[in-house]
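Structural characterization, general
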There are 2 protein chains.
Amino acid sequence: MDPHLLRTFVTVAGLGSFSAAARELGYTQSAVSQHIAALENDLGAALLLRRPVVPTEAGARLLEHAGPLLLRLDAARADIARLLAVPAGRLTLGVTPLAMSSRLTRSLAELRGEQPGLAIAVRTAGHSAVVRSVATGELDLALVDGIAAPSDPLHLPETGPLTATGVAEEPPAVVLPAGHPLAGREGVRLVDLGDARWIDAPDIAVGRDRLRTVCGYDGFPVSLRYEGTDVRGLVALVAAGHGLALLPRSVLEDACGVVGIAVTAPRTVHRVEALHAGTGTGPAALLAARLASAWSGTADLVRA
Amino acid sequence: MDPHLLRTFVTVAGLGSFSAAARELGYTQSAVSQHIAALENDLGAALLLRRPVVPTEAGARLLEHAGPLLLRLDAARADIARLLAVPAGRLTLGVTPLAMSSRLTRSLAELRGEQPGLAIAVRTAGHSAVVRSVATGELDLALVDGIAAPSDPLHLPETGPLTATGVAEEPPAVVLPAGHPLAGREGVRLVDLGDARWIDAPDIAVGRDRLRTVCGYDGFPVSLRYEGTDVRGLVALVAAGHGLALLPRSVLEDACGVVGIAVTAPRTVHRVEALHAGTGTGPAALLAARLASAWSGTADLVRA
DNA sequence: CGTGATTACGGTTGACGTAATCATA
DNA sequence: TATGATTACGTCAACCGTAATCACG
């Protein structure tokens, strides 16, 4: 199970083609074929069906492992590289769409005032991309949002020792089109909406899988999958009646055509955490500490 | 970063010797030396100091990643192997010491009555060993205990898709020698004991690191490290005044020389979970379901 | 000096590319 | 029949073992 083989396997499975994967990875078609054959031989199971190229059951199982595995591998390499790197005068910041806040923009402005030479870059992307980037060192600091039990840490993929600091919490709300029968309600239980149609927007806030585990209920059928990080687009889809979504309450203040209903059960919060490599006391650690102290929430914790 | 190199690296670091690692792994001294050299060359950093052999800072960092990485790799292989394996008439059960209960023994007796041909084996071991074994398929089912917030899942290392089911919860207690000044108290806050001396018994219940993250407090100095899985030995050490420990309340019923004080803050429970590969409906899944329904606690959840 | 890590060197194995073959839409 | 996966085979690098060298205790 050489990581190279694993990498070509996920590429092939992702692209659905040996030759496309070969181009992507800079191999020949033949090498890719040999990689897959080696993996299948090693594990003693067929991993892909050919023509069309689709994962078998065993292949699907392997895919679940391969992603986190390769991520961890990159994270390990980046972690060591960081120890040796010279502390450059730059701060690259990743933000998931719903983690953006006025407190962040203000703290960032302060920091810029104090350290005029500091080159600041901000990038927004989906959850997985942001976490991946901070783990691999492309980002110095990430602000990630998600749903969790009150004062509980977010459930993030394990990528090694990253320092996670809570920087904000607020109640989530179910977003409905303005004319929806439930629109007048004070509050709803999530399980009561388990059979309603939901928009699955994994790059924005609360994906369907997360809803299921939070509620312990296997429902939440998906009406539409929304790939992208623009919140206004998602709100527009809800307003047009395509389905429901779960968003932090404050997002709805300047949204029209929709209403937000408080969630009465299960008791959860929309939480934002700052994620950075624990090492060093650069601008990333400084900004994270500032954001945390401005919130004065739960203490720092190091993810195991 | 070939897994083989990683494996020899952790072995060398663990044994503190190149030649001992070579014997352990069936390599020659030279090969081990070349492995380490290759890793150091690849990462561009010294990983080990020689004579004596101790990890450098970068090496220590890599060690934090290497363990989980290799575990995941084994888990992936085992996961695929399970898909192909014939369902043998055997149930191998792993239990951490504090997860053993009369409900388990009773359910096991029931199962044996219903399936007389079933070969049942029970093994007790420390947390990490048990989790590792169920991930790699050596165990069909594991019962693991730990401390968590009420009705929260345990914090276990990510090894891929395992089904975790809560099967018991009870309040934890701080264990003190009978003559201790606090022995008469109704309850204590854990942070108030942050400066007391603790016995670190990672194979039994609540290790020092876990105490720290649960409390968000950096104290809990260790008086003594207890390596082993015998609970009576740990209780004896507490009775003799070597230090404090945190154990589930029920353990203290038949212990003498010690008293247990309830923990008032933070609000935590001692929780037991059944861990097994989600695939198939063998005796492992059956027993897990029985234990869970006997408790009727929180619903199943699949670890991401 | 002796134990134990490193370096030098050679044989074998394995990986990748070229090119021919096979299979499927 | 054309696109795309597999197989055959040659080359080259990488890996590991033997053995000589080096270095620390």
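Throughout what follows, the structure given in this document is the object of discussion. Keep in mind it's a predicted model, so treat the numbers as computed, not measured.

**A look at the protein's contact with DNA strand D**
Taken together, 20 residues lie around DNA strand D, and Phe-18, Ser-19 and Ser-30 of chain A together with Ser-30 and Ala-31 of chain B are the ones closest in. Counting residues per element, the ones that place at least two in the surface near DNA strand D are helix H2 (18-25) and helix H3 (29-43) of chain A together with helix H3 (29-43) of chain B. For the surface near DNA strand D, the element with the highest residue contribution is H3 of chain A, accounting for six residues.

**Quick word on the sheet that holds strand S7 (residues 172-177) of chain A**
All names here are of chain A. Ordered in space as S8-S12-S7-S11, the four strands form an open sheet in which the pairing is mixed. If you trace the sheet from one side to the other, it starts and ends with strand S8 (187-189) and strand S11 (245-248), each paired once. Taken over all neighbouring pairs, the strand axes of this sheet differ in orientation by 50° on average, direction set aside. Judged from the three bridges that link them, S8 and strand S12 (residues 258-265) form a sheet pairing that is parallel. Bridge pairing in S12 places Val-188 opposite Val-263. The strands touched by helix H8 (residues 231-239) within the sheet are S7, S11 and S12, with S7 carrying the most contacts at an inclination of about 50°.

**Thoughts on the pairing of strand S3 (residues 90-95) of chain A**
Residues and elements named next belong to chain A. Bridge analysis of S3 against strand S4 (residues 119-124) gives six bridges, and the strand direction is parallel. The partner of Arg-90 across the bridge, within S4, is Ala-119. Each parallel crossover has a hand, and the one from S3 via helix H5 (residues 102-114) to S4 is right-handed. Of the strand pairs in this sheet, S3 and strand S5 (residues 141-148) are connected by three bridges, and their pairing is parallel. Paired with Gly-94 across the bridge in S5 is Ala-142.

**What about the nonpolar core?**
Side chains of a nonpolar character, in soluble globular proteins, are inclined to be buried together. Of all hydrophobic cores here, the largest spans 162 residues; its most connected members are Val-175 and Ala-245 of chain A together with Val-175 and Ala-245 of chain B. Apart from the residues lying within four places of it in its own chain, the contact partners of Ala-245 of chain A are Val-175, Trp-198, Ile-199, Ala-201, Leu-234 and Val-238 of chain A.

**Quick look at the packing of helix H1 (residues 3-15) of chain B against H3 of chain B**
Packed helix pairs are specified by the crossing angle of their axes together with the interaxial distance, meaning the distance between the axes. All names here are of chain B. Across the interface, H1 lies against H3 with an axial gap of 9 Å and an inter-helix angle of 110°. Considering their axes alone, H1 and H3 lie roughly perpendicular with respect to each other. Contacts between H1 and H3 pair Leu-5, Thr-8, Phe-9 and Val-12 from the former with Val-32, His-35, Ile-36, Ala-38 and Leu-39 from the latter. Split by residue class, the contact of H1 with H3 holds seven nonpolar, two polar and no charged.

**Some words on the packing of helix H4 (residues 57-84) of chain A against helix H4 (residues 57-84) of chain B**
It is at 10 Å that the axes of H4 of chain A and H4 of chain B come closest, and there the two elements cross at 175°. In this view, H4 of chain A runs roughly antiparallel relative to H4 of chain B, as classed from their interaxial angle. Class assignment for the residues of the contact of H4 of chain A with H4 of chain B results in 18 nonpolar, two polar and eight charged.

**Looking at the protein's contact with DNA strand C**
Close to DNA strand C lie 20 residues, the nearest being Ser-30 and Ala-31 of chain A together with Phe-18, Ser-19 and Ser-30 of chain B. Looking at the surface near DNA strand C, the elements that each hand over two or more residues are H3 of chain A together with helix H2 (18-25) and H3 of chain B. Sorting elements by how many residues they give to the surface near DNA strand C places H3 of chain B first, with six residues. Residue composition of the surface near DNA strand C, grouped by class: seven nonpolar, 11 polar and two charged.

**Brief notes about the interface of chain B and chain A**
Every contact between the two is made by 35 residues of chain B and, on the other side, 35 residues of chain A. At 17 residues, the largest contribution of residues to the side of chain B that touches chain A is made by H4 of chain B.

**A look at the relation of the copies chain B and chain A**
Each copy superposes on the other: chain B lies on chain A with an RMSD of 0.1 Å after a rotation of 180° and an axial shift of 0.0 Å. Considering both components of the superposition, the chain copies are consistent with a two-fold axis. By residue overlap, the copies meet face to face through one surface: 100% of the interface positions of chain B are interface positions in chain A.

**Brief notes about the environment of Phe-9 of chain A**
All names here are of chain A. Counting through the fold element by element, Phe-9 comes out in helix H1 (residues 3-15). Each C-alpha atom, one on Phe-9 and one on Ala-277, is 29 Å from the other, the two residues being 268 residues apart in sequence. When sequence neighbours within four positions are dropped, the list of residues in contact with Phe-9 reads Ile-36, Leu-39, Leu-47, Leu-62 and Ala-66.

**Observations regarding the sheet that holds strand S8 (residues 187-189) of chain B**
Residues and elements named next belong to chain B. Pairing is mixed across the open sheet formed by four strands, whose spatial order is S8-S12-S7-S11. One side of each edge strand has no neighbouring strand; the edge strands of this open sheet are S8 and strand S11 (245-248). Averaged over neighbouring strand pairs, the angle between their axes works out to 50° when direction is ignored. Here strand S7 (residues 172-177) runs beside S11; their pairing, made up of four bridges, is antiparallel. Directly across from Val-174, in S11, lies its bridge partner Leu-246. Running over the sheet, helix H8 (residues 231-239) touches S7, S11 and strand S12 (258-265) and is turned about 50° from S7.

**A word on the environment of Ile-261 of chain A**
Residues and elements named next belong to chain A. Locating Ile-261 in the fold gives a position in strand S12. Once the C-alpha coordinates of Ile-261 and Gly-137 are considered, the two residues, 124 residues apart in sequence, prove to be 39 Å apart. If we skip the residues at most four places from it in the chain, Ile-261 touches Ala-173, Val-174, Leu-176, Leu-182, Arg-185, Gly-187 and Val-188.

Basis of the calculations
The residue numbering used here restarts from 1 in each chain and proceeds along that chain's sequence as written. Lettering for chains starts from A, numbering for ligands starts from 1, and both go in the order in which the items are written. Given that the model is predicted, a residue must reach a pLDDT of at least 70 before its local features are reported, and side-chain atom pairs must reach 80 or more before they are shown or counted; all residues, however, enter totals for whole chains, interfaces and linings. Working rule for contacts: place C-beta from the backbone, and if it is within 6 Å of a molecule or strand, that residue counts as near it. Only DSSP runs of H or I reaching four residues or more are called helices, and only runs of E reaching two or more are called strands; each is numbered from the N terminus. Strand pairing is defined by DSSP finding a minimum of two bridges between the two strands. Angles here are taken between N-to-C directions and fall from 0 to 180 degrees, while the axes themselves are lines fitted to C-alpha atoms, restricted in helices to the stretch in contact. Contact definition: two residues whose C-beta atoms, as placed from backbone geometry, lie within 7 Å. Orient the strands so they point away from the viewer; a crossover is then right-handed if the path from the first strand over the helix to the second runs clockwise. For this entry, the nonpolar core is defined as buried Ala, Val, Leu, Ile, Met, Phe, Trp, Tyr and Cys residues connected by C-beta atoms within 7 Å. Each residue is classified by how many other C-beta atoms fall within 10 Å of its C-beta atom, where C-beta atoms are placed from the backbone; a count of 20 or more means buried, 12 or fewer means exposed, and values in between mean partly exposed. Should an angle fall under 35 degrees it is called roughly parallel, over 145 degrees roughly antiparallel, and 65 to 115 degrees roughly perpendicular, with every other angle called oblique. We call Asp, Glu, Lys and Arg charged. Ala, Val, Leu, Ile, Met, Phe, Trp, Tyr, Cys and Pro are nonpolar, and the rest, Gly among them, are polar. When the copies are superposed, the least-squares fit takes in the C-alpha atoms of residues with a pLDDT of at least 70 in both.

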